[in-house]
Amino acid sequence: MNNAMIEHRRAGVVGWPVSHSRSPVLHGYWLKKYGVQGSYERIGIAPENFTEAFRALGKNGLVGVNVTLPHKQTAAALCDELDKLAARLNAVNTVVITKQGRFIGSNTDGFGFIENLRQSAPEWSAAAGPAVILGAGGAARAVTAALLDAGAPLIRLFNRTRARAEAIARDLGPSITAGDWVMRAEGLRDAALLVNCSTLGMQGQPGLELPLEQLPLAALVNDIVYTPLQTDLLLRAKARGNRAVDGLGMLLHQARPGFNAWFGVMPEVDAGLREAILRDIEMQAI
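Before going into details, it helps to say that this report is about the structure given with it. Given the structure is predicted, the values throughout are model-derived calculations rather than measurements.

About the criteria used
Residues numbered from 1 in each chain as written. Predicted model: local features only at pLDDT ≥ 70, side-chain atom pairs only at ≥ 80, totals over all residues. Heavy atoms only, no water. Phe/Tyr/Trp six-rings, centres within 6.5 Å; stacked < 30°, edge-to-face > 60°. Helix = DSSP H or I, 4+ residues; strand = E, 2+ residues; numbered from the N terminus. Buried < 20%, exposed > 50% of the residue type's maximum accessible area, 1.4 Å probe, protein only. Lys NZ or Arg CZ within 6 Å of the ring centre and 35° of its normal. Pairing = 2+ DSSP bridges. Axes fitted to C-alpha atoms, helices over the stretch in contact; angles between N-to-C directions. Contact = heavy atoms within 4.5 Å. Core = buried A, V, L, I, M, F, W, Y, C linked by side-chain atoms within 4.5 Å. Left-handed = near helix turned anticlockwise from the far one by under 90°. Nonpolar A, V, L, I, M, F, W, Y, C, P; charged D, E, K, R; others polar. Parallel < 35°, antiparallel > 145°, perpendicular 65-115°, else oblique.

Where two aromatic rings form a pair, the distance of their centres and the angle of their planes describe that pair. Using the criterion set out here, one finds seven aromatic pairs in the structure. For the ring pair tyrosine 34 and phenylalanine 259, a centre distance of 6.5 Å and an interplane angle of 50° mean the geometry is tilted. Pair noted here: tyrosine 34 is in the loop between α1 (23-33) and β2 (38-44) and phenylalanine 259 is in helix α10 (residues 256-263), with a separation of 225 residues, a long-range link. Given a relative accessible area of 23%, tyrosine 34 falls into the partly exposed group. Where tryptophan 262 meets phenylalanine 263, the ring centres are 6.4 Å apart and the plane angle is 85°; that geometry is what we call edge-to-face. Using a relative accessible area of 1% as the deciding quantity, one classes tryptophan 262 as buried. Through pairs of rings, three or more aromatic residues link up here, namely Trp30, Tyr34, Tyr40, Phe259, Trp262 and Phe263. It is arginine 55 that lies over the ring of phenylalanine 103; its NZ or CZ is 4.3 Å from the centre.

Backbone hydrogen bonds hold the strands of a sheet together, and the pairing may be parallel or antiparallel. Strand order in the open sheet formed by six strands is β9-β8-β7-β10-β11-β12, with parallel pairing between adjacent strands. The open sheet has two edge strands with one neighbour each: β9 (176-179) and β12 (243-245). Each strand of the sheet is rotated relative to its neighbour by a mean of 20°, with strand direction disregarded. Direction of pairing for strand β11 (residues 220-223) relative to β12: parallel, over a ladder of three bridges. For valine 221, the partnering residue across the bridge sits in β12 and is alanine 244. Strands β7 (131-134), β8 (155-158), β9 and β10 (193-196) of the sheet are contacted by helix α6 (residues 138-150), whose axis makes an angle of about 170° with β7.

Within a regular strand, the side chains alternate between the two sheet faces. Two strands pair when backbone bridges link them, and strand β3 (residues 62-67) and strand β5 (residues 94-97) are joined in this way by three bridges, in the antiparallel orientation. Within β5, the residue paired with asparagine 66 across the bridge is threonine 94. In terms of strand pairing, β5 meets strand β6 (residues 103-106) through four bridges, oriented antiparallel. Residue isoleucine 97 lies in a different strand from β6, and its bridge partner there is phenylalanine 103. Where β5 folds back on β6, the antiparallel hairpin that results is connected by five residues, among which glycine 101 adopts a positive phi of roughly 85°.

What follows covers the nonpolar core. In this structure, Phe113, Trp124, Ile133, Leu147, Ile155 and Leu193 are the most contacted members of the largest nonpolar core, which totals 34 residues. Listing elements by their share of this core, those giving two or more residues are α4 (84-89), α5 (109-120), β7, α6, β8, α7 (162-172), β9 and β10. The greatest single-element share of this core, amounting to seven residues, is contributed by α6. Setting aside residues up to four positions removed in sequence, phenylalanine 113 forms contacts with Val143, Leu147, Leu193, Val195, Asn222 and Met250. Val265, Val269, Leu273 and Ile281 belong to the second largest nonpolar core, which has 20 residues in total.

Bringing the packing of α6 against α7 into the picture now. Where α6 contacts α7, the axes come no closer than 11 Å and their chain directions differ by 35°. Once α6 is placed against α7, the crossing between them reads as right-handed. Contacts from Ala140, Arg141, Thr144, Ala145 and Leu148 of α6 reach α7 at Ala167, Ile168, Asp171 and Leu172. The residue inventory of the contact of α6 with α7, partitioned by class, reads six nonpolar, one polar and two charged.

Further remarks concern the packing of α1 against α10. Between α1 and α10, whose axes approach to 11 Å, the crossing angle comes to 50°. Overall, the two elements α1 and α10 adopt an arrangement that is oblique. Of the two elements, α1 crosses α10, and the hand of that crossing is right-handed. Counted together, His27, Trp30 and Leu31 of α1 and Arg256, Phe259, Trp262 and Phe263 of α10 form the full contact between these two elements. Of the residues that constitute the contact of α1 with α10, the class distribution is five nonpolar, one polar and one charged.

See below:
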């Protein structure tokens, strides 16, 4: 494909606030790497203005946007069409705006999660055994659906507010159980995968208190938090002999389908991209 023959395409990320989004650095890296004639920008939209501003994006020449907090569910309701996963989760993070002005929404968080594990731990299989997920927000919902689709036989959800975990179990199927937060360590007994989808352990948040003595050494441990990159959970898991995967790859991989849809190239996640995002994180921390 001769990218020089393609018109300049504009995409962006909408959210509120949106100033700390990593997406412009991420997509900017790929635009340069693949020589694509395009740009990617931050678009701040306050919740009270979202409906009108979102539908006007197509008139501003954009071919699509990523959607971040707090707009993922509102955007889903405003799209003309949703893919199966976005409809199942009632949330979108990627929107394609067609030349006819139609808004097609998708949710790529689950794709990013699975691709991160496959790249970082090629021997991993969702079918290896039960998965334990901590948290019950939007990320946990996307990860749960992705694991079910990948063949996980059983998923145990633990959240500080049990009702939220029960809502995911009710919405997504009988292979999910919701447990009391105080039983989270017991739930690790025969787990093949442990995923922290909560904010616990994130920079500026309370730590994640979770004894790992009952977690099998063959289990894979993933924390979707990437600030810090090596969370206390990952450090403790590695110290006892578990394979551990950080959360940065999920952020990077979830962006690939959108870039492909907007700019016509399915990008790769490489060491250079990780370094660019980590530098951006360090700069914003100063």
